Structure formats: structure tokens, C-alpha cells
Number of protein chains: 2
Amino acid sequence: MTYPHERFAVKAACDLNEKNVSCCPVERLLGVVSGQWTAYLLWVLHQNGPQRFGALQKLIPGISTKVLTERLRMLEASGLLLREQAATIPPQVTYSLTPRGLELRALMDGLGDVARRWDAEGWRPPVR
Amino acid sequence: MTYPHERFAVKAACDLNEKNVSCCPVERLLGVVSGQWTAYLLWVLHQNGPQRFGALQKLIPGISTKVLTERLRMLEASGLLLREQAATIPPQVTYSLTPRGLELRALMDGLGDVARRWDAEGWRPPVR
DNA sequence: TAAGTCACTTACCAAAAGGTGCCTACTTAC
DNA sequence: GTAAGTAGGCACCTTTTGGTAAGTGACTTA
């Protein structure tokens, strides 16, 4: 079944993964989560629970609506995110982690731990 | 003590930031690690131990010398990788994880676990 | 003498990714 | 009667990225 909102961005979602159709499991998983903003988006959802589109934009300063939409579609198509639309006016769309998405919990927690520790140590990425 | 949105000062700091210098620790860490090939490169080094340039090319089929070089330089500048060059002819360059790079061990192991489990379950990224 | 080795570097080009502004639908609030 | 609010879609354009091919140095091997 195809929903109206899928017209745009499903192709984009697939493009992000085109190269990972046949490869090792780790490479395949990384193909989904290692794009720009993607892992951070998942982390934000792990930290803050289900969020609406507008809330995600505020939680991820700097992301454009285009990219946010693409990432949400792609993660939904990957089975990590659930999109629920309330038929209200204006519409309310809520994104939450699926059970599979929640399986990343340990990874996300570990990510936060390392990030906070290194930050406290004053670690900074190289200036490009 | 959540990041990055819950506090005015933090949000302001985010907004004032140049786009390369992210304020949230998780965002900063992901900025280094989440480029194409980057996390996979780290995973390969975790799995296989120190490797020479040519060996990495074989362990990561499909990566070009240009991108492999760029990623290695970037991770070296980030303090995650150590580059050791033997002054032989032809030169022998070996890349290994620094102590900081080794701090990602738990994350890499978790990554491998999830990837293998999902793979065994038949999970696949979305394809056109 | 020529070719091969290793780890790149550089230049060039095509493709992909991302930003921006404008647009939609519909109702409620001013 | 007009503005605001929600969740995007779409077209256009610029920036970024990645691949390819060719070259480098200094020595060894055929």
C-alpha cells in the first residue's frame, strides 16, 4: 500500500542505501544509520521519546525540512521508525521507534557515554 | 541534564556555532565517525587489529585510495588512529587504533552484534 | 633496462547531497 | 477576512563528495 506522503523521498531513501544491497551485515547496518543526521536523529528519539515533526526540527538545530523528511522516510522504510498521523487539522504526525529501533538502545547509550566522556576531557574533532 | 535543547544558553550556543563546530557532544562525535566508510573502517580495525594501507583496501572492497586516505588522515587528526611509517623501500605504513580509538570497543562490538542479529533475521535496508 | 612495489598526491570531472523559497490543505483564533 | 499553525512537496541552484587516471620516489627484481 502506498501512502500519499511516500511519493517524495522514498526514492531518496533508497538512494541512500543503493550501495549496501549486497555487503557484510555491519556495512549494511551502517549504510542505514551512518548518513548525516541519521544517527543523531535516532539518538534524539532514544533520549526524548516519540516526537512530532516540528519538535524534531527544534531538537536538531540546523537540519532542513528536506533532509529531516528524507531521513524520517528512510528510517521508516528501514523498519526503525513508526509514523503515525492523526487526522486532525492541522495534522499531527508523530514519529516513534519501532521495537527494532529500540534494539539500538544499548548502542545509543554507549554513544552518549563516550561522547560525554570525551567532551569532558576536552576532545575536539579536527578543524577541516 | 539533557542535551542540547533544554537550556537557552545551550541552544544559543548551538545557533552561534559555525556549522563544522557542533556544540552537542554526541553530534560532535558523530560528525567524526558517521561519514561514509568511516565507522566501517574503525570496525575493521577493531576486528583485525593494526593494518597496512594495502590491507585496508582489501578489507574494505569498493573504497577508493582517495577516500581511504582522507578517512585515515581525518581519524588520525582526531586522535583515534596512529600512523606509523617504516623508512623502508617501498615504504610500509601501518595504521592502528590509539587508546582513544580503543575506547570505541564496546560500541563496535555492539554494532557487530546488532548487525549480525538483524542479518540473521533477514532484515534488509529499503531497496527501490 | 624495464618493470614492479607501496603509499600515496594531484587534477579533473560527474554525481549526489543539501539549502532555499514558494506552495498546499484546513481550521481556529484574532 | 486574514493570519497562524502543521507537515510537508517541489523546483531550482550551489556545494560537496567521490571516482578515475595519471604521476611520484627510490629501490629491488627479472
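Engineer: Go over unusual backbone geometry, please, and point to the residues and values.
Structural biologist: All names here are of chain A. The omega torsion of the bond from I89 to P90 falls at -5 degrees, within 30 degrees of zero and hence cis. If you trace the backbone, P90 turns up in the loop between β2 (81-86) and β3 (92-97). The backbone phi angle of W37 is positive, close to 75 degrees, even though this residue is not glycine. Following the sequence through the fold, W37 ends up in the loop between α2 (25-33) and α3 (38-48).

Engineer: Describe in detail the nonpolar core, supporting the description with residues and values.
Structural biologist: Counting 70 residues, the largest nonpolar core has Y40 and L42 of chain A together with L42 of chain B as its most contacted members. Two domains each provide a minimum of three residues to this core, namely domain 1 (1-33) and domain 2 (35-120) of chain B. Contact partners of L42 of chain B, with chain neighbours within four places excluded, come to V33, L75, L80, L81, L97, L104 and M108 of chain B.

Engineer: Explain the pattern of salt bridges to me, using residue names and the numbers behind them.
Structural biologist: Residue and element names in this part refer to chain A. For the structure shown, the criterion picks out 14 salt bridges over all chains. A salt bridge links D113 to R116, with the nearest nitrogen and oxygen atoms 3.4 Å apart. In this pair, D113 and R116 both sit in helix α7 (residues 105-120), 3 residues apart, roughly one turn of the helix. For D113, a relative accessible area of 43% corresponds to the partly exposed category.

Engineer: I'd like to hear about the sheet that holds β3 of chain A, residue by residue, with values.
Structural biologist: Residues and elements named next belong to chain A. Taken together, 3 strands build an open sheet; the order of strands is β1-β3-β2 and the sheet is antiparallel. At either end of the open sheet lies a strand with only one pairing partner, and these are β1 (51-52) and β2. As defined by bridge partners, β1 adjoins β3 across 2 bridges and the pair is classed as antiparallel. Across the sheet, residue R52 finds its bridge partner in β3, namely T94. With respect to the sheet, α3 is in contact with β1, β2 and β3, its orientation differing from that of β3 by roughly 90 degrees. Along the sheet, helix α5 (residues 65-77) makes contact with β2 and β3, crossing β2 at roughly 115 degrees.

Calculation rules
Residues numbered from 1 in each chain as written. Chains lettered and ligands numbered in written order. Predicted model: local features only at pLDDT ≥ 70, side-chain atom pairs only at ≥ 80, totals over all residues. Heavy atoms only, no water. Helix = DSSP H or I, 4+ residues; strand = E, 2+ residues; numbered from the N terminus. Core = buried A, V, L, I, M, F, W, Y, C linked by side-chain atoms within 4.5 Å. Buried < 20%, exposed > 50% of the residue type's maximum accessible area, 1.4 Å probe, protein only. Domains from an automatic or database assignment. Contact = heavy atoms within 4.5 Å. Salt bridge = Lys/Arg side-chain N within 4 Å of Asp/Glu carboxyl O. Pairing = 2+ DSSP bridges. Axes fitted to C-alpha atoms, helices over the stretch in contact; angles between N-to-C directions.

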